[in-house]
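Residue-level structure breakdown
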Amino acid sequence: MRTETERLVIRSFSLADIPAYAAIVADPRVTIYLGDGSPHNYAEAQTYIRDCIARDQRTGISRYAVIGKSEKDLIGFCGFKELADYVDFGWRYAYGAWGQGYATEAAFKVLDYGHSELRLTNMAAGSYIENVASVRIIQQLGFKYVAHDEFYGQATVRYHQSPVV
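Residues numbered from 1 in each chain as written. Predicted model: local features only at pLDDT ≥ 70, side-chain atom pairs only at ≥ 80, totals over all residues. Heavy atoms only, no water.

Residue Arg-119 is not a glycine yet carries a positive backbone phi of 55 degrees. Its place among the elements puts Arg-119 in the loop between helix 4 (102-116) and strand 6 (123-128). The backbone phi angle of Tyr-152 is positive, close to 50 degrees, even though this residue is not glycine. By the element assignment, Tyr-152 lies in the loop between strand 7 (144-151) and strand 8 (154-161). (Helix = DSSP H or I, 4+ residues; strand = E, 2+ residues; numbered from the N terminus.)

Encoded structure:
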């Protein structure tokens with residue numbers, strides 16, 4: 001997979017992305033809204049990227065690397081993960097990329113790719129309630145509120161996007 005926006009290149013992950021991704025998820029400011037909030041070590045980052053690559057090669061449905069055109073570096077990811085009964089749509093970015101509109105820009109492009117190229121339906125997105133920026137993006141993308149929940153003792157919200165007809 002490879003596509004672009006005005007400021008971003010969005011492509012399939014490669015093994016060369018592991019060190020940059022490991023640096024992103026080693027930052028506790030990034031992982032505060034993930035699972036138990038703990039930073040991830042290099043081995044966890046490597047496993048995650050290898051899993052993304054395997055999913056991408058197997059089905060094309062994966063999380064994709066997001067590269068800033070001006071930085072020419074990995075700034076995060078955006079994409080899909082097939083779960084038991086739905087496709088999760090999500091993203092993760094380096095702290096330095098926050099607040100610049102990259103997540104929204106990539107999300108619209110990748111979601112369009114998911115609909116038009118992958119023909120994905122039954123997608124959901126969720127976030128910790130405290131992650132106001134992510135909740136706002138989910139809403140801007142047209143996902144509809146489904147429920148409040150709890151994950152690792154944190155309040156969360158779940159949104160669903162109706163299948164494209």
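That was the structure; now back to the text.
By the secondary structure assignment, Glu-117 is in the loop between helix 4 and strand 6. Classification of Glu-117 as exposed rests on a relative accessible area of 55%. Between the C-alpha atoms of Glu-117 and Gly-60, which are 57 residues apart in sequence, the distance is 9.7 Å. (Buried < 20%, exposed > 50% of the residue type's maximum accessible area, 1.4 Å probe, protein only.)

This brings us to the nonpolar core. In this structure, Cys-78, Phe-80, Phe-89, Trp-91, Tyr-93 and Phe-143 are the most contacted members of the largest nonpolar core, which totals 29 residues. When residues of this core are traced back to their parent elements, those giving at least two are strand 2 (8-11), strand 3 (63-68), strand 4 (74-82), strand 5 (87-93), helix 4, strand 6, helix 5 (132-140) and strand 8. Counting residues per element, this core draws most heavily on helix 4, at 6 residues. If you look at the next biggest cluster of nonpolar residues, it comprises 18 residues, including Val-9, Ala-45, Ile-53 and Ala-94. (Core = buried A, V, L, I, M, F, W, Y, C linked by side-chain atoms within 4.5 Å.)

Let us look at the sheet that holds strand 6. Pairing is mixed across the open sheet formed by 8 strands, whose spatial order is 1-2-3-4-5-6-8-7. The open sheet has two free edges, formed respectively by strand 1 (2-4) and strand 7, since each of these has just one partner strand. Averaged over all adjacent pairs, the angle separating strand axes in this sheet is 25 degrees, with direction ignored. For strand 7 and strand 8, the ladder comprises 7 bridges, and the chain directions are antiparallel. Counted as the bridge partner of Glu-150 is Ala-155 from strand 8. The strands touched by helix 3 (residues 42-59) are strand 3, strand 4 and strand 5; relative to strand 4, the strand with the most contacts, the crossing angle is about 55 degrees. Where helix 5 meets the sheet, its contacts fall on strand 5, strand 6 and strand 8, and the angle it forms with strand 6 comes to roughly 155 degrees. (Pairing = 2+ DSSP bridges. Axes fitted to C-alpha atoms, helices over the stretch in contact; angles between N-to-C directions. Contact = heavy atoms within 4.5 Å.)

These figures capture arrangement, not role.
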